[in-house]
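This is what each chain is made of:
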Amino acid sequence: MGSIAIAENGILIYQNAIGYSQVNDWAKTRATSNTKYRVGSISKMFTAVMIFQLIEEGKLGLETPLSAYFPQLPNAGKITIAQMLNHRSGLYNFTADSLYAAYMTVLKSQAEMIAIFSRHKSAFEPDEKADYSNTNFALLGYIIEKLTGKSYSEELKKRITSKIGLADTYYGTKTIPAKNEAYSYRYTGQWIPATETDMNIPGGAGAIVSTPSDLIKFIDALFTGKLIGPASLELMKTTRDNFGMGMLAIPFYEIKGYGHTGGIDGFSSLLAYFPKEKLAIAYTANGVRYSTNDVIIGALSIYFNKPFTIPDFKTVVISPADLDKYVGNYSSSQIPLKIAITKNNTALFAQATGQGAFPLEAKGDHKFVYAGITVQFDPVKNSFSLTQGGVTYLYIKIQGINR
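Note on numbering: residues in each chain are counted from 1, in written sequence order. Whole-chain, interface and lining totals are the exception, using all residues; otherwise, since this is a predicted model, local features are given only for residues with pLDDT of at least 70 and side-chain atom pairs are given and counted only at 80 or more. Heavy atoms from the whole structure form the basis of all side-chain values; hydrogens and water molecules are not counted.

Caption draft 1: View of the sheet that holds strand E13 (residues 279–285). Whether two strands pair depends on DSSP finding at least two bridges between them. Segments assigned H or I by DSSP are reported as helices when at least four residues long, segments assigned E as strands when at least two residues long, and all are numbered from the N terminus. The strand order across the open sheet built from 6 strands is E2-E1-E13-E12-E11-E10, with neighbouring strands paired in antiparallel fashion. Among the strands making up the open sheet, the edge pair consists of strand E2 (11–18) and strand E10 (248–249). As paired strands, strand E1 (residues 2–8) and E13 are joined by 7 bridges and run antiparallel to one another. Paired with Ser3 across the bridge in E13 is Thr284. Residue contacts are counted whenever heavy atoms from the two residues lie within 4.5 Å of one another. For helices, the axis comes from a line fit to the C-alpha atoms of the stretch in contact; other axes are also lines fit to C-alpha atoms, and the angle between any two N-to-C directions lies between 0 and 180 degrees. Taken strand by strand, helix H9 (residues 292–303) contacts E1, E2, strand E12 (267–274) and E13, and its axis lies near 145° from that of E13.

Next up, the structure:
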């Protein structure tokens, strides 16, 4: 369930919405192209733009230390604004904490969030390497507030949305259906409501609500010099260990593109711009059973006349008795996450440590898929291989422990 928009030379050429913005026992509200979605980490691009605006105004520098604003954080004197933008600060990613799920729905003040960030030791020394951390951009959002004396929401409106006419983009609150905001869902044989994060938790790292048509206006304005200067844009685009400053490289075949992905609750999104072709594409989803990335690849393949075959969405039905061979707890020597495989009648589910369960769709020959994840079982060896993002992990069943 989601919405897509494509623009060429700043002009909208295609948009469509599929599914529902609200699903409950008594009614379903169809999504439209005006439905608003939480866009998760695409928010980081907006935060980075405002940081570069402040740099261009002389109020901040890329080498300014974090200690100028939050000296209580680990290594604050050695961490720079540039390193935070580039995910090279070493600050522990607070959403990876096992306690995160316990407080993500609860309103917390900036002081409370700083206390949470401060209790974690650095994951590595500043500039030693790059590792994605939401903590970087939550803090950059707070720095915007400290420098301007205004809330992130006010600065977002002043510096970006009012400036370029984004009527449907803003700092989110609790979901308001009357404002055409979508709830998000997970599929477990039927759509069930996903947990709703309090938006003050992710802040500058992921609190923005928008539509695909607004997102493509934003990225077009960014690349056509309406928000920051060319030198700042070049810094955002330049990748080091796969990370730009608030932006990621998003190539399509030989075509260079830039943008960001997003995920929060049951929402999944992607925004990309291809400068040479002056093409912008955005997809926002509030219920995912098929990889968001594959949706974008399909749309771009059609646009660029690349080979494309409509996917086969047929599901193989397996009897409850035949599913038993897969059920159990599995561990991998490659990553610390254990995965429990369970069943519910003719449906198989996977649940990683500290995460929600997700359904596995049978494709035959012991192969199951879910939203860009492929699980290939080997019942004889009591194992499975999990492939995601081009990386494969081997999982072995923990003998004697089932649920």
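Caption draft 2: Spotlight on a nonpolar patch on the surface. Note on patches: the residues involved have over 30% relative accessible area and no salt bridge, like charges join within 9 Å, and the nonpolar side chains Val, Leu, Ile, Met, Phe, Trp and Tyr join within 5 Å. Reported accessibility uses the Shrake-Rupley method at a 1.4 Å probe radius. Residues are deemed covered only where the shown protein chains occlude them. The rule for a salt bridge is simple: a side-chain nitrogen of Lys or Arg has to be within 4 Å of a carboxyl oxygen of Asp or Glu. Residues Ile11, Ile13 and Tyr14 make up a contiguous nonpolar surface patch of about 300 Å² in total accessible area. Turning to its location among the elements, Ile13 is positioned in strand E2. A 1.4 Å probe rolled over the protein chains alone gives each residue an accessible area, and that area as a share of the maximum for its type sets the label: buried under 20%, exposed over 50%, partly exposed in between. For Ile13, a relative accessible area of 43% corresponds to the partly exposed category.

Caption draft 3: How the structure looks around the sheet that holds strand E6 (residues 170–171). The 3 strands are arranged E5-E9-E6 in an open sheet whose pairing can be described as antiparallel. What marks the edges here is a single partner per strand, and that holds for strand E5 (37–38) and E6. Strand direction decides the pairing type here: E6 and strand E9 (residues 208–210), joined by 2 bridges, are antiparallel. Bridged to Tyr170 within E9 is Val209.

Caption draft 4: Representation of helix H5 (residues 134–148) within the structure. One less than the residue count of a helix, multiplied by 1.5 Å, gives the span that helix is expected to have. For H5, built from 15 residues, the straight-helix expectation of 21 Å at 1.5 Å per residue is met to within 8% by its first-to-last C-alpha distance of 22 Å. Here H5 lies mainly inside the structure; 11 of its 15 residues are buried. Among all positions in H5, only Asn134, Thr135, Asn136, Phe137, Ala138, Leu139, Leu140, Gly141, Tyr142, Ile143 and Ile144 are buried. Against the buried residues of H5 lie helix H1 (43–56), helix H2 (81–85), helix H4 (110–118) and helix H6 (152–164). Of the residues trailing H5, Gly149 is marked for its positive phi of about 75°.

Caption draft 5: A look at helix H7 (residues 212–223). With 12 residues, H7 ought to run about 16 Å at 1.5 Å a step, and its terminal C-alpha atoms sit 17 Å apart, in line with that. Summarising burial for H7: 11 of the 12 residues are buried, a large majority. Taken together, the buried positions of H7 are occupied by Pro212, Ser213, Asp214, Leu215, Ile216, Phe218, Ile219, Asp220, Ala221, Leu222 and Phe223. Count one or two residues on from H7 and you reach Gly225, which has phi positive near 80°.

Caption draft 6: The arrangement of the packing of aromatic side chains in detail. Between the rings of Phe, Tyr and Trp (Trp by its six-membered ring), a pair exists once the centres lie within 6.5 Å; its type follows the angle of the planes, with under 30 degrees stacked, over 60 edge-to-face, and the other angles tilted. With the rule as written, the count across this model stands at 23 aromatic pairs. Taking the centre distance of 6.2 Å and the plane angle of 65° together, the rings of Phe70 and Tyr142 count as edge-to-face. Taken together, the residues Phe70 in the loop between H1 and H2 and Tyr142 in helix H5 connect sequence positions 72 residues apart. Plain terms: the ring middles of Tyr100 and Tyr103 are 5.5 Å apart, the flat faces sit at 85° to each other, and that makes the pair edge-to-face. With a gap of 3 residues between them, Tyr100 and Tyr103 both fall in helix H3 (residues 100–103), about one helical turn apart. Summarising the burial analysis for this pair, Tyr100 and Tyr103 share the class buried. Between Lys306 and the ring centre of Tyr253, over which it is positioned, the NZ or CZ distance is 4.6 Å. Whether a charge sits over a ring comes down to the Lys NZ or Arg CZ being within 6 Å of the ring centre and within 35 degrees of the ring normal.

Caption draft 7: Looking closely at the nonpolar core. Throughout this description, the term nonpolar core refers to a set of buried Ala, Val, Leu, Ile, Met, Phe, Trp, Tyr and Cys residues connected via side-chain atoms within 4.5 Å. Within the largest apolar cluster, 77 residues are counted, with the highest numbers of intra-cluster contacts made by Phe46, Leu66, Phe117, Leu139, Ile160, Phe218 and Leu222. Looking at this core, the element that brings in the most residues is H1, giving 9 residues. The contacts of Ile160, once residues within four sequence positions are left out, are Phe46, Val49, Met50, Glu155, Leu166, Phe218 and Leu227. Listed in part, the 21 residues of the second largest apolar core include Ile339, Phe358, Phe368 and Tyr370.

Caption draft 8: Up close: the side chain of Lys36. By the secondary structure assignment, Lys36 is in the loop between strand E4 (28–30) and E5. With sequence-adjacent residues up to four places away left out, Lys36 is seen in contact with Asp168, Tyr170, Lys179, Asn180, Glu181, Ala182, Val209, Ser210 and Thr211.

Just geometry here; none of it tells us what the structure is for.
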